[in-house]
Amino acid sequence: MNAKAGVIAKGLVLPLLLVAAWTALTSRHESLLFPSPQKSVDAIVDLWRSRTLQGYLATSLRRYVLGLSIGTALGFATGTLVGSSRIAERFLLPNVHMFRQVPLVGWIPLLIVWFGLGDLSRVVLIAMASLFPILLNTHAGFRQIPRGYLEVGEVFGLSGWEKVRRISLPAALPWIRTGSLLSLSFGWTILVASELLTQSNGGLTDILDTGRERFRMELVNAGIVVLGLLGFAFNLAATKIWSIGSLCWRSQNIHPSNETG
Amino acid sequence: MKRKIAAATQLLWTATVLAGPVEIHLAVVGNPYDTPIATGIIGYAQEHRLFETEFAKEGISVKWDFYKGTGPAINEGLANGGVDVTSYGDLPGILGKAGGIDTRLIVPGTVGQNIYVATAPQSSLRTLLDLRGKRIGYMKGTYLHLSWVRLIRHLGLSERDFKVFNLSQTEGAAALQSGHIDAYVGVNTFLDLATRGGARILYTTNTKDAQAREIQGFSVVVASSRFAREHPDLLQRWVNVYVRAAVAVLDEQKRDEWIRLAAKPGYPLDNIRRDLGENSFVEQNAAVFDERYLAKLRSGIQAALEAGLIRRDIDLATWIDRSYLDKALKTEAASATWAKGYPSVSASITGSGGRP
Amino acid sequence: MRRFAWTILAPFSVQFAVLLAWYLLARFELFPPTLLIPPQLVWQTIVDLWNSGDLQTHMGWSLRRVALGYGIGAGAGIGLGAALGSSRRLEIWFGPTLDIFKQVPVFAWAPMMIVFFGIEEASKLAFVAVACFYPVLLNTTQGVKSVQAKLFEVGEVFGLSPRQRFLRIVVPSALPAVLTGLRQSIALAWMAVVSAELLGAESGIGFYMTYSRQLFQMDGVLAGVLLVGAVGIATNALFGAAERWLVPWIGEVA
């Protein structure tokens, strides 16, 4: 336990040093481009007091959760499909790959014209973003299952669906887990992108936007910190949920694919 | 779940006929202060809640949607059915119509909108030709864009001769001051910025020069054809209210009131005064489709065509629908001086961008 | 022959179906025509862009930015990744700091880059570099770390020098992971370039899409989407081919 604490402590030295140095330097001269961290903290506190931050948070979270749920559900279902059916794989997978290569942000102008400036366009984008990582990782998880496992299933007379449920899914679980975490983080990234590239949307990126427009760097810094912390929190929560909810295979030799899409 | 239903409904809205609107959506063009306040005649109507009162009897509510992205964003709203009636700039109106959005130009807007080409105060750039090859910022797709393009055409230049950045007013001012761009085509907010020493006005249309005045922007008031088709009666009443408001506010005696309304979103009063100059705001905003306005419209379309901003000409006869205005003028504007001598309904509107 | 039909035609049938659906939806105006431009008009726009030379100009700018930004970001990623992967001490001291910055959604850096560097090239390159950095870093670190202990023992048995160990054991072992990271990065880099151009630029494909949108030329927007997608697909195919050529001993990984 001491060793682990030691590792964590050592890791934190550099960040704390950087923050301390930054605070020290900026307390001496005012800089437009490098405002002191204190200013960012003040800005956040102000936003909290005026209840604007809560509003931003609620709006962004709403979009995120909705898009994420739709995307991961679809992605998981499709991933299972192409993972277990060669036919589906032949038809769909190359197209999935192709579609994935189209940068999601390019769809934004189109989505806005079709669905208006409301949340629908952003939710669709986030759903698209969270769809691919889980789809591809689920597929990879299925495909790496040794033929032997499935043959065992056949010997036992399991139906196709039973094979999936009782053999493939558990065997692919580490991959599915990786995929879901990647979907989570990429979905968050795209939420930020969708808000930045559509205007006046009431979400958390308004902090960044205001900062950039009015040249208030402390807001930009504050926004970055808030978004980063939230992303981290989601990832942490999801990881915990996975460890609690399922067995985690730890194998030295298995390296789940890190496809992010 | 509710959101999904709302979204599906929104899609249906663009494709089917509805029984009757619960709301009339009016789009308000954005401003540098992000305040959802309309200016001019519509601003007057907004302040006195004239539209709301008119339609309250049937329980029809009037919804004001503020479009931060100004004209181009409003075009998208018109395309997907989110906007019923709006007043916006010459170029967005032209772009929308030429781009296939089915709208009707129901009331002329204002003329005489100025541009202010600003540089950083310490900049060595003096004339427009000095700007060649430099970094220029403006809001693409707005009246500023068209006026700029017309301006440089006089000098034999085109957009390609510059490095053009699409920036909002606030972004532009910031970029100018931080040296990220060399010049910005702004609205009157740059007047007091210049007075405070934050910028220098290299060129403006706010002069008596005929050529400058020719390229001043104007605005159009359009209704989506779908709305006109489904609710001609409501549209007529909307125009009636508009004319009523025009009659109320277009009076040279009320100059200060007009300036106050124009400044309401947050503009410094002095900016508005200087922007208006000695011009007659009554003349600029007269709600009549007269030769003065039609000439501006034609030349605007012509300029957009020549600059390659639109690829198809616009036939004014299919765009302008004066029937609403003519009826409204008869019933509401009998006393107005600016409407006197206005030709009767049967006069036709011909021509398009290239032809008179 | 049958194999060929299966591999090539099957996926194309889906694309063909999509194209057909697009054409029919536009043809019968099941979608308002301003919102869904028929495919043939979009194609015409692309052809016009090519003929006028605009396509080449814009694409040139975008690709230039991708190449430069990617070079910087991926290069830094490989360098740092190799360092962190091979030295546990470095990982302990520097890893967490990098992890902290990794939490920030990559697009959140865009406004900061713009404030710092302005709206010209520097901010875009910086943003692209930051975007590509992490996938490469993570994959390289993992790749270097995961070089199995057994293989090192083999190296010892054979009496290889550290340099030989690096070249003949570490590099081939880590290569698949590094290449995966590089491939993911290029996709991200392309997205970063397009977004940077969407936010503020005077050239490039993203700029062209914004410009089309401001001028309400939906065919231009759609053309842009297709072009952007085409480049994405092409680069991915290129990288995939390179991967197969360089590390043929690893099976296809998605």
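Positions within a chain are numbered from 1, following the residues in the order the chain's sequence is written. For naming, the first written chain is A and the first written ligand is 1, with later ones following in the order written. In keeping with the predicted nature of the model, local features appear solely for residues at pLDDT of at least 70, side-chain atom pairs appear and are counted solely at 80 or more, and the whole-chain, interface and lining totals rest on all residues.

Peer 1: Before we go on, may I ask you to explain the overall build of chain B in this structure?
Peer 2: Every helix listed is a DSSP run of H or I at least four residues long, and every strand listed is a run of E at least two residues long, numbered separately from the N terminus. Tallying secondary structure elements over chain B gives 17 helices and 10 strands in all. Counting other C-beta atoms within 10 Å of its own, a residue is labelled buried from 20 upward, exposed at 12 or fewer, and partly exposed in the gap between, with every C-beta atom placed from the backbone. When each of the 356 residues of chain B is scored for burial, the buried share is 51%. The contact rule is simple: place each C-beta atom from the backbone, and if two of them lie within 7 Å, those residues are in contact. Pairs at least 24 apart in sequence give 82% of the contacts found in chain B among residues at least 6 apart.

Peer 1: Please explain the overall build of chain C as it appears in this structure.
Peer 2: Across its full length, chain C holds 10 helices and zero strands. In chain C, the succession of α and β elements from N to C terminus is α-α-α-α-α-α-α-α-α-α. With the C-alpha coordinates of chain C rotated into their principal frame, the extents come out at 70 × 55 × 30 Å. In chain C, buried positions account for 46% of the 254 residues.

Peer 1: Explain the packing of helix H10 (residues 217-245) of chain A against helix H5 (residues 109-117) of chain C to me, please; I cannot follow it from the model alone.
Peer 2: Helix packing for two helices is described by the angle between their axes and how far apart those axes are. Where H10 of chain A meets H5 of chain C, the closest approach of the two axes is 9 Å, and the angle between their N-to-C directions is 155°. Viewed along their axes, H10 of chain A and H5 of chain C adopt a mutual orientation that is roughly antiparallel. In terms of crossing hand, the pair formed by H10 of chain A and H5 of chain C is left-handed. Side by side, H10 of chain A and H5 of chain C meet where Met217, Val220 and Ile224 of chain A of the first sit next to Pro111, Met112 and Val115 of chain C of the second. All amino acids are sorted into three groups, where Ala, Val, Leu, Ile, Met, Phe, Trp, Tyr, Cys and Pro are nonpolar, Asp, Glu, Lys and Arg are charged, and the leftover types, Gly among them, are polar. In the contact of H10 of chain A with H5 of chain C, the residues fall into six nonpolar, no polar and no charged. As a rule, the C-alpha atoms of each element are fitted with a line to give its axis, helices using only the stretch in contact, and angles between N-to-C directions run from 0 to 180 degrees. Just so you know how the angles are binned, under 35 degrees is roughly parallel, over 145 roughly antiparallel, 65 to 115 roughly perpendicular, and the rest oblique. Here a crossing is taken to be left-handed if its near helix is turned anticlockwise relative to the far helix by less than a right angle, and right-handed if that turn runs clockwise.

Peer 1: Before we go on, may I ask you to explain the domain arrangement of chain B in this structure?
Peer 2: Size of an interface: often given as the accessible area lost when the parts come together. Residue and element names in this part refer to chain B. Throughout the structure description, domain borders are defined by an automatic or database domain assignment. One can read the domain layout of chain B as domain 1 (2-111 + 218-339) and domain 2 (116-214). Taken together, the contact between domain 1 and domain 2 spans 21 residues of the former and 16 residues of the latter. When residues of the side of domain 1 that touches domain 2 are traced back to their parent elements, those giving at least two are helix H4 (70-79), helix H5 (90-98), helix H13 (269-276) and helix H15 (291-306). Counting residues per element, the side of domain 1 that touches domain 2 draws most heavily on H13, which supplies five residues.

Peer 1: Looking at this structure, how should I read the interface of chain C and chain A?
Peer 2: Between chain C and chain A, the residue contacts involve 53 residues of the former and 52 residues of the latter. Among the elements of the structure, helix H1 (2-27), helix H4 (88-102), H5, helix H6 (121-145), helix H8 (162-199), helix H9 (205-214) and helix H10 (218-246) of chain C are those that each provide at least two residues to the side of chain C that touches chain A. No other element matches the 10 residues that H10 of chain C contributes to the side of chain C that touches chain A. When the residues that make up the side of chain C that touches chain A are grouped by side-chain class, the tally is 37 nonpolar, 15 polar and one charged.

Peer 1: So what exactly am I meant to see when it comes to the environment of Leu131 of chain A here?
Peer 2: Secondary-structure assignment places Leu131 of chain A in helix H6 (residues 119-143). Leave out the neighbours within four places in its chain, and Leu131 of chain A touches Gly71, Leu74 and Gly75 of chain A.

Peer 1: In this structure, what is going on with the sheet that holds strand S7 (residues 163-166) of chain B? I would like to understand it.
Peer 2: Either a parallel or an antiparallel arrangement is found when strands of a sheet pair, and the pairing is made through backbone hydrogen bonds. Residues and elements named next belong to chain B. Strand pairing follows a simple DSSP-based rule, namely that at least 2 bridges must link the two strands. Read from one edge to the other, the open sheet built from five strands follows the order S7-S6-S8-S5-S9, with strand pairing classed as mixed. Here the strands that pair on one side only, and so sit at the sheet edges, are S7 and strand S9 (200-204). If you compare each strand with its neighbour and ignore which way they point, the axes differ by 25° on average. Strand direction decides the pairing type here: strand S5 (residues 116-119) and strand S8 (residues 183-186), joined by four bridges, are antiparallel. When the sheet's bridge partners are listed, Tyr116 is paired in S8 with Gly186. Strand contacts of helix H7 (residues 169-177): S5, strand S6 (135-138) and S8, with the helix running at about 155° to S8, the strand carrying the most contacts.

Peer 1: Sorry if this is basic, but what is going on with the interface of chain B and chain A here?
Peer 2: Taken together, the contact pairs 13 residues of chain B with 13 residues of chain A. Taken together, the elements giving at least two residues each to the side of chain B that touches chain A come down to helix H1 (2-15), H4 and H7 of chain B. Residues of the side of chain B that touches chain A, tallied by class, amount to three nonpolar, six polar and four charged.

Peer 1: What should I look at first to understand the sheet that holds strand S3 (residues 85-89) of chain B in this one?
Peer 2: All names here are of chain B. Taken together, five strands build an open sheet; the order of strands is S2-S1-S3-S10-S4 and the sheet is mixed. Looking at the sheet topology across the chains shown, the edges are occupied by strand S2 (61-67) and strand S4 (103-113). Each strand of the sheet is rotated relative to its neighbour by a mean of 20°, with strand direction disregarded.

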